Amino acid sequence: MQHSATDSILIHDRTFLRLIQHSAIQKKVRGLAEQINSDYKDRNIFFVAILNGSFMFAADLLKNIQIECRISFVKLASYKGTRSTGQLKAIFGLEESVFGQHVIIIEDIVDTGLTLTKMIEDLKSLGAQSIDTVSLLRKKPAREKGPEVKYVGFELEQEFVVGYGLDYDGLGRNLSDIYHT
Ligand code: IMP
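Computed from a predicted model, the values in this text were never measured in an experiment.

## Some remarks on the overall build of the protein
Looking only at helices and strands, one finds four helices and 10 strands in the protein. Along its sequence from the N terminus, the protein presents helices and strands in the succession β-β-α-β-α-β-β-β-α-β-α-β-β-β. Its C-alpha atoms give the protein a radius of gyration of 17 Å, near enough to 16 Å, the size a compact globule of 181 residues would have. Taken over the C-alpha atoms alone, the protein extends approximately 50 × 45 × 30 Å along its principal axes. Of all 181 residues assigned to the protein, the portion counted as buried reaches 43%. Just so you have it, the protein exposes about 9600 Å², and 47% of that area is on carbon and sulfur atoms.

Printed below as a string of structure tokens:
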């Protein structure tokens, strides 16, 4: 991965251009936290952050949350289903019970919305009392027919993005700005 003084970056074989600067991300994250602080002022929050991509967003968001809260980092494990629909996924890494809790899912980006839909189903079946979602980024397909995302940072078209936790083939998560193809 090559950094340069310009607004572009090379990762593997692809050149990415800077899309959102770190200062703009921080401002947006503070705004999202303010909305959550206001909407949840009478409730404790159980955040469920989806790894790997959301680790940086989750850390910055929680620094701005002023309500008593817990956080658990989870993954969705893929395994081959026997049905023709292809891959099924199951939540893992949730060490505390979400039964009766007010859950806010933290996503880095919602693209098709399939990951989020599965996560919501799983958390419902585990007895969460309420479930909202905060996502830093959302792409067009999810806007058109994905599950509801109550708190969205930036709306995108369909471009691939990298940085601020998001990777391209394993690289780029450490970048503090967000880049696109
Ligand atoms: P979905 O299930 O299609 O909504 O995809 C959600 C997941 O795909 C995210 O949590 C990311 O891990 C990954 N993803 C989707 N779009 C991008 C992207 O542009 N860059 C990096 N990862 C992405």
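Right, picking up where we left off after that structure.
## Section: the site of the ligand
What surrounds the ligand is a group of 14 residues, the closest being D111, T112, G113, T115 and V161. One of the side-chain nitrogen or oxygen atoms of T112 is found 2.5 Å away from an oxygen atom of the ligand. Secondary structure elements with two or more residues in the shell around the ligand: β6 (102-110) and α3 (114-125). The element best represented in the shell around the ligand is β6, accounting for four residues. Grouping the amino acids of the shell around the ligand by side-chain chemistry returns six nonpolar, three polar and five charged.

## Some thoughts on the packing of aromatic side chains
Under the criterion given, the structure shown has three aromatic pairs. Grouped by ring-pair contacts, the aromatic residues F16, F160 and Y168 constitute a single cluster. Over the face of the ring belonging to Y168 we find R14, whose NZ or CZ atom lies 5.1 Å from the ring centre. The ring of Y40 carries R43 above its face, with NZ or CZ at 4.0 Å from the centroid.

## Considering the sheet that holds strand β1 (residues 8-11)
Read from one edge of the open sheet, four strands run β1-β2-β10-β9, paired in antiparallel fashion. Two strands in the sheet have a free side with no partner beyond their single neighbour: β1 and β9 (161-162). Direction of pairing for β9 relative to strand β10 (residues 178-180): antiparallel, over a ladder of two bridges. Within β10, the residue paired with V161 across the bridge is H180.

## Concerning the nonpolar core
Core analysis: the largest hydrophobic core is formed by 29 residues, its most contacted members being I36, F57, L61, V134, L136 and L137. Of all the secondary structure elements, the ones that give two or more residues to this core are α1 (22-39), β3 (45-50), α2 (55-63), β6, β7 (130-138) and β8 (151-155). Examining the composition of this core, we find that five residues originate from one element, α1, more than from any other. Core analysis: the next-biggest nonpolar cluster, separate from the first, contains 18 residues, F46, V74, V98 and V149 among them.

## Notes on the packing of α1 against α2
Where α1 meets α2, the axes come as close as 9 Å, and the angle between the chain directions of the two elements is 55°. Taken together, the axes of α1 and α2 are oblique relative to one another. Considering the relative orientation of α1 and α2, their crossing is right-handed. In this structure, α1 uses Q26, V29, L32, A33 and I36 to contact α2, whose residues at the interface are F57, D60 and L61.

## Topic: the confidence of the model for the protein
Predicted coordinates in regions of low pLDDT should not be interpreted in detail. In this model, the protein carries an average pLDDT of 91, and 91% of its residues clear a pLDDT of 70 or more. Below a pLDDT of 50 lies the segment residues 80-86, which in the model reaches five contacts outside its immediate sequence neighbourhood of four places, other chains included.

## With respect to the pattern of salt bridges
With the rule as written, the count across this model stands at 12 salt bridges. D39 is the partner of K150 in a salt bridge, and the nearest nitrogen-oxygen pair spans 3.9 Å. Taken together, the residues K150 in the loop between α4 (140-145) and β8 and D39 in helix α1 connect sequence positions 111 residues apart. Here K150 falls in the partly exposed class, since its relative accessible area comes to 36%. Members of the salt-bridge network, linked through shared partners, are R138, R143, E155 and E157.

The rules behind these values
Residues numbered from 1 in each chain as written. Predicted model: local features only at pLDDT ≥ 70, side-chain atom pairs only at ≥ 80, totals over all residues. Heavy atoms only, no water. Helix = DSSP H or I, 4+ residues; strand = E, 2+ residues; numbered from the N terminus. Rg over C-alpha atoms; globule rule 2.2 N^0.38 Å. Buried < 20%, exposed > 50% of the residue type's maximum accessible area, 1.4 Å probe, protein only. Areas by Shrake-Rupley, 256 points an atom, 1.4 Å probe, with all protein chains shown as cover. Near = heavy atom within 4 Å. Polar contact = N/O pair within 3.5 Å; in protein donor to acceptor, adjacent residues only side chain to side chain. Nonpolar A, V, L, I, M, F, W, Y, C, P; charged D, E, K, R; others polar. Phe/Tyr/Trp six-rings, centres within 6.5 Å; stacked < 30°, edge-to-face > 60°. Lys NZ or Arg CZ within 6 Å of the ring centre and 35° of its normal. Pairing = 2+ DSSP bridges. Core = buried A, V, L, I, M, F, W, Y, C linked by side-chain atoms within 4.5 Å. Axes fitted to C-alpha atoms, helices over the stretch in contact; angles between N-to-C directions. Parallel < 35°, antiparallel > 145°, perpendicular 65-115°, else oblique. Left-handed = near helix turned anticlockwise from the far one by under 90°. Contact = heavy atoms within 4.5 Å. pLDDT = per-residue confidence, 0-100. Salt bridge = Lys/Arg side-chain N within 4 Å of Asp/Glu carboxyl O.

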